[in-house]
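# Close look at the chain arrangement
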Amino acid sequence: MKLLTKHHIGMLELKNRVVMAPMCMYVATEDGLSTPFHIVHYSTRAYGGVGLIIQEATAVEARGRISGNDLGIWSDEHIHGLKQIVDGVHLADSKIGIQLAHAGRKCLAKAEKILAPSEIAFNAKYPVPSEMSKDDIHTVIKAFGEAAVRAKKAGYDLVEIHGAHGYLINQFLSPLVNQREDEYGIDKSRFLLEVITEVKKYWTGPISLRLSAEEYAEEGNHILDTLKLVKKLHGLVDVINVSSGGVVPVSFNVFPGYQLEFAKAVKEQGFTVIGGGLLTQVEEMETAILDGSVDFVFLGRELLRNPYFVMNTAKSQDQMDWIIKPYERGYL
Ligand SMILES: Cc1cc2nc3c(=O)[nH]c(=O)nc-3n(C[C@H](O)[C@H](O)[C@H](O)COP(=O)(O)O)c2cc1C
């Protein structure tokens with residue numbers, strides 16, 4: 001089965017096509033430091049056989065956290081704990097990327113100033129953000145670069161830039177949130193492109209970009225806008241992790257594989273693609289790879305329930321090589 005075959009992202013070889021989706025656990029200390037939970041949580045999925053783990057949104061600035069208990073990478077003090085997560089995953093023969101994130105107007109952590117491209121709150125439960133000055137913009141771009149330096153020191157295999165779900169980069173991309181009249185508003189991709197350029201100054205490994213390919217709001221970005229954007233990304237990123245929504249508070253219809261049509265459209269532009277959404281069945285994942293929608297499937301909630309998903313799938317296919325030695329008795 002294709003799901004259990006090797007593939008690569010840039011120079012990074014992955015042992016199968018199963019990617020653990022980034023998922024905030026909200027259990028870091030108030031200083032953004034990791035805890036033993038993170039080491040166990042990620043290495044368990046690694047022992048379970050996942051090819052690539054993408055660590056949860058990790059804030060490049062303290063005011064870029066979603067909550068007061070997000071993981072952080074805004075200080076050198078974070079490196080030691082992050083390295084422990086990385087080492088745990090490597091020991092279990094898997095690879096790990098880190099999702100570098102800034103919440104922008106979706107920050108619910110304590111912060112003196114909440115940043116956004118324009119002064120528009122997400123909804124009544126969120127603070128009204130300050131419109132970012134040019135200095136603010138340059139400070140945040142620099143913070144992404146500094147985070148990349150720390151990610152390298154911690155030993156990650158890949159960096160993912162969080163450009164999805166209505167967080168800061170996505171806020172700049174969206175006409176629903178970015179109403180600036182300067183160069184960052186006229187060219188809504190400018191902030192993202194400058195972040196990528198800054199990260200690439202310090203990070204030579206593979207880069208993933210997570211995007212919300214569809215905003216589910218009439219005046220927002222749709223898949224055709226996303227395809228225009230990705231045309232600018234050739235040679236800048238190695239893989240696009242295709243998601244959707246989160247920019248404005250609207251509800252939309254979800255079902256297994258609801259984002260795969262967007263993933264396929266991005267893949268047809270010549271990109272390596274990670275895609276998914278509500279996938280739980282091996283057949284759905286296999287079809288998504290075979291019909292050319294994705295190169296890799298991401299699994300989020302399924303891996304929260306079932307960390308040994310890959311080993312269990314391998315067992316059902318009689319591919320016993322995937323069962324780690326200490327657990328063989330459980331799979332006889
Ligand atoms: C608890 C939880 C936390 C999440 N945190 C993040 C995150 O940090 N970054 C991100 O890009 N997506 C995040 N997501 C979205 C997931 O990565 C994924 O796209 C979503 O859950 C759909 O996939 P699934 O149906 O396989 O769970 C989160 C989802 C869940 C359930």
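Up top is the structure.
The paragraphs below set out a description of the structure included in this document. Every chain is numbered independently, its residues counted from 1 as its sequence is written. Only residues with pLDDT of at least 70 are given local features in this predicted model, and only at 80 or more are side-chain atom pairs given and counted; all residues enter the totals for whole chains, interfaces and linings. Neither water nor hydrogens contribute to the side-chain values; these are computed over all heavy atoms in the structure.

## Some points on the overall build of the protein chain
Assigned secondary structure in the protein chain consists of 11 helices and 13 strands. Atoms counted for the radius of gyration: C-alpha only. Globule rule: 2.2 Å times the number of residues to the power 0.38. A compact globule built from 332 residues should have a C-alpha radius of gyration of about 20 Å, and the protein chain, at 19 Å, falls within 12% of that. Across its three principal directions, the C-alpha atoms of the protein chain cover 65 × 40 × 35 Å. Counting over 332 residues, the protein chain shows a buried share of 58%. Counting only contacts in the protein chain whose residues sit at least 6 apart along the sequence, the fraction spanning at least 24 positions is 70%. Here the open area of atoms and residues is found with the Shrake-Rupley method and a 1.4 Å probe, where only the protein chains shown may cover a residue. Summed over its atoms, the accessible surface of the protein chain is roughly 13,800 Å², and 52% of this surface lies on carbon and sulfur atoms. Here the protein chain carries 35 positive and 41 negative side-chain charges, and the mean point of each set is 3 Å from the other. Runs of H or I in DSSP of at least four residues are treated as helices and runs of E of at least two as strands, each being numbered from the N terminus. Only protein chains enter the accessibility calculation, which uses a 1.4 Å probe; a residue whose area is less than 20% of its type maximum is buried, one above 50% is exposed, and one in between is partly exposed. The criterion used for residue contact is that any of the two residues' heavy atoms lie within 4.5 Å. Charged residues are defined here as Lys and Arg on the positive side and Asp and Glu on the negative side; His and the ends of the chain fall outside this count. Think of each charge as sitting on NZ of Lys, CZ of Arg, CG of Asp or CD of Glu.

## Brief notes about unusual backbone geometry
Positive phi outside glycine occurs at His165, with the angle close to 55°. By the element assignment, His165 lies in the loop between strand 9 (158–163) and helix 4 (168–173). You will see that Tyr216, though not glycine, has its phi angle at about 60°, which is positive. Mapped onto the secondary structure, Tyr216 falls in the loop between strand 10 (207–212) and helix 7 (223–230).

## Let's talk about the site of the ligand
Around the ligand sit 15 residues, and of these Pro22, Gln99, Arg210, Leu278 and Arg301 come closest. We call two N or O atoms a polar contact when they sit within 3.5 Å, provided that within protein one can donate a hydrogen and the other can accept it, with sequence-adjacent residues counted only if both atoms are side-chain atoms. Within the backbone of Cys24, a nitrogen or oxygen atom sits 2.8 Å from a nitrogen atom of the ligand. Residue polarity is assigned by list, with Asp, Glu, Lys and Arg as charged and Ala, Val, Leu, Ile, Met, Phe, Trp, Tyr, Cys and Pro as nonpolar; anything else, Gly included, falls into the polar class. For the shell around the ligand, the per-class residue count stands at eight nonpolar, five polar and two charged. The nearness test applies per residue and asks whether one of its heavy atoms lies within 4 Å of the molecule or strand.

## Looking at the nonpolar core
Throughout this description, the term nonpolar core refers to a set of buried Ala, Val, Leu, Ile, Met, Phe, Trp, Tyr and Cys residues connected via side-chain atoms within 4.5 Å. Core analysis: the largest hydrophobic core is formed by 78 residues, its most contacted members being Ile161, Phe191 and Leu233. The leading source of residues in this core is helix 3 (residues 134–154), at nine residues. The next biggest cluster of nonpolar side chains, apart from the first, holds 12 residues, and it includes Ile9, Leu14, Val19 and Leu158.

## Here's the deal with the pairing of strand 6 (residues 95–101)
Along strand 6, six of the seven residues are buried, which leaves the element largely enclosed by surrounding structure. Sheet analysis places strand 6 next to strand 9, joined by four bridges and oriented parallel. Each bridged residue has a counterpart across the sheet, and for Gly97 the counterpart in strand 9 is Leu158. Strands were regarded as paired on the criterion that DSSP finds at least two bridges between them.

## Considering the packing of aromatic side chains
Two aromatic rings are characterised by how far apart their centres lie and by the angle between their planes. Side-chain rings of Phe, Tyr and Trp (the six-membered ring for Trp) are treated as a pair once their centres are within 6.5 Å; stacked means planes under 30 degrees apart, edge-to-face means over 60, and tilted covers the remaining angles. Within this structure, the stated rule accounts for seven aromatic pairs. The interplanar angle of 65° and the centroid separation of 6.3 Å between the aromatic rings of Phe255 and Tyr258 together place this pair among those described as edge-to-face. Relative to Tyr327, the ring of Tyr308 has its centre 5.6 Å away and its plane inclined at 80°; by these criteria the two rings are edge-to-face. Pair noted here: Tyr308 is in the loop between helix 10 (301–305) and helix 11 (309–316) and Tyr327 is in the segment after helix 11, with a separation of 19 residues, a long-range link. An aromatic cluster of three or more residues is present, and its members are Tyr216, Phe252, Phe255 and Tyr258. We call a charge positioned over a ring when the NZ of a Lys or the CZ of an Arg lies within 6 Å of the ring centre and within 35 degrees of the ring normal. Here the basic side chain of Lys106 rests over the ring of Tyr167, its NZ or CZ set 4.7 Å away from the ring centre.

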